[in-house]
Amino acid sequence: RRLCRSYVKQMSQHLRAMFSRATEASVTDTGNTARSISYPWEVANTLAVFARIDAGSANGNYGIHVGTGTTAVAIADYAMATVIAHGVGAGQLQYGAHTFGAHAVSAPTSSFTVSRTFVNGSGASITVQEAGIVCLTGQAGDPQTTQFNFLLARDLTGAVAVANGQTLTVTYTIKCTV
């Protein structure tokens, strides 16, 4: 278990867009390109995408990610240092679906969990050094068809060896405490 305290600037930019129902400019996607995002309520008659992290099995584009990078976490991080790709080849892990826990309140804390499993079928051990959350959000003005990935959190895990055939489960607990 490791304590996550590493939300990056894209998290606050997404929250500001949601809370203000306004377009947020210069939000850096995982490809290091500045994008404009807006909360879906600003878009009439579309099924807009905003801050989704519920990617299904085999989808390594968004959701919880793991990597081998050891670069210190910085507020300006826009991507994992060295993401581990989905697959069964050398250095790859198989990305499972996400599981969301029920919302829970235990005064003074309100929380929920989101988990994802990673199966090592690569034939060799893989050492996970970082974990993070990447969301899928539509671009302002065209959120239904133009979507990008944004890093919301990144944490160093320390060396976690996942032997061939083993499953790693990463769980983030999102909580507010008064």
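Residues numbered from 1 in each chain as written. Predicted model: local features only at pLDDT ≥ 70, side-chain atom pairs only at ≥ 80, totals over all residues. Heavy atoms only, no water.

### A look at the nonpolar core
Part 1 of the reasoning: Judged by nonpolar contacts, the single largest core of 27 residues is most densely connected at Val66, Phe118 and Val170.
Part 2 of the reasoning: Contributing elements (two or more residues each) for this core: helix H1 (9-20), strand S3 (63-67), strand S6 (109-119), strand S7 (126-139), strand S8 (142-162) and strand S9 (167-177).
Part 3 of the reasoning: With near-sequence residues (within four places) excluded, Phe118 lies in contact with Ile64, His65, Val66, Leu93, Gln94, Tyr95, Gln166, Thr167, Leu168 and Val170. (Core = buried A, V, L, I, M, F, W, Y, C linked by side-chain atoms within 4.5 Å. Buried < 20%, exposed > 50% of the residue type's maximum accessible area, 1.4 Å probe, protein only. Helix = DSSP H or I, 4+ residues; strand = E, 2+ residues; numbered from the N terminus. Contact = heavy atoms within 4.5 Å.)

### Concerning H1
Part 1 of the reasoning: Across its 12 residues, H1 extends 16 Å between first and last C-alpha, which sits within 8% of the 16 Å expected from 1.5 Å per residue.
Part 2 of the reasoning: For H1, the full list of buried residues reads Gln10, Met11, Gln13, His14 and Ala17. Buried residues of H1 fall within an arc of 165 degrees about the axis and therefore sit on the same side.
Part 3 of the reasoning: Following H1 by one or two positions, Arg21 adopts a phi angle in the positive range, close to 55 degrees. (Expected span 1.5 Å × (residues − 1). Arc of directions from axis to C-beta.)

### Concerning the environment of Thr167
Part 1 of the reasoning: Summarising the element assignment, Thr167 is placed in strand S9.
Part 2 of the reasoning: Under the relative-accessibility criterion, Thr167 is labelled partly exposed at 46%.
Part 3 of the reasoning: Sequence separation of Thr167 and Gly96 is 71 residues, and the distance between their C-alpha atoms is 9.9 Å.
Part 4 of the reasoning: Once residues lying within four places of it in the same chain are set aside, the contact partners of Thr167 are Thr117, Phe118 and Val119.

### Overview of the confidence of the model for the protein chain
Part 1 of the reasoning: Averaged over all residues, the pLDDT of the protein chain equals 88, while 89% of them reach at least 70.
Part 2 of the reasoning: Averaged over each element, pLDDT in the protein chain is lowest for H1 (81) and highest for S3 (97). (pLDDT = per-residue confidence, 0-100.)

### Some remarks on the pattern of salt bridges
Part 1 of the reasoning: As enumerated under the stated definition, the model contains five salt bridges in all.
Part 2 of the reasoning: Notably, a salt bridge pairs Asp29 with Arg35, separated by 2.9 Å at the nearest N-O pair.
Part 3 of the reasoning: Between Arg154 and Glu130 there is a salt bridge; the shortest N-O distance is 2.6 Å. Of this pair, Arg154 sits in strand S8 while Glu130 sits in strand S7, and the two are 24 residues apart along the sequence.
Part 4 of the reasoning: By relative accessible area, Glu130 is classed as buried at 0%. (Salt bridge = Lys/Arg side-chain N within 4 Å of Asp/Glu carboxyl O.)

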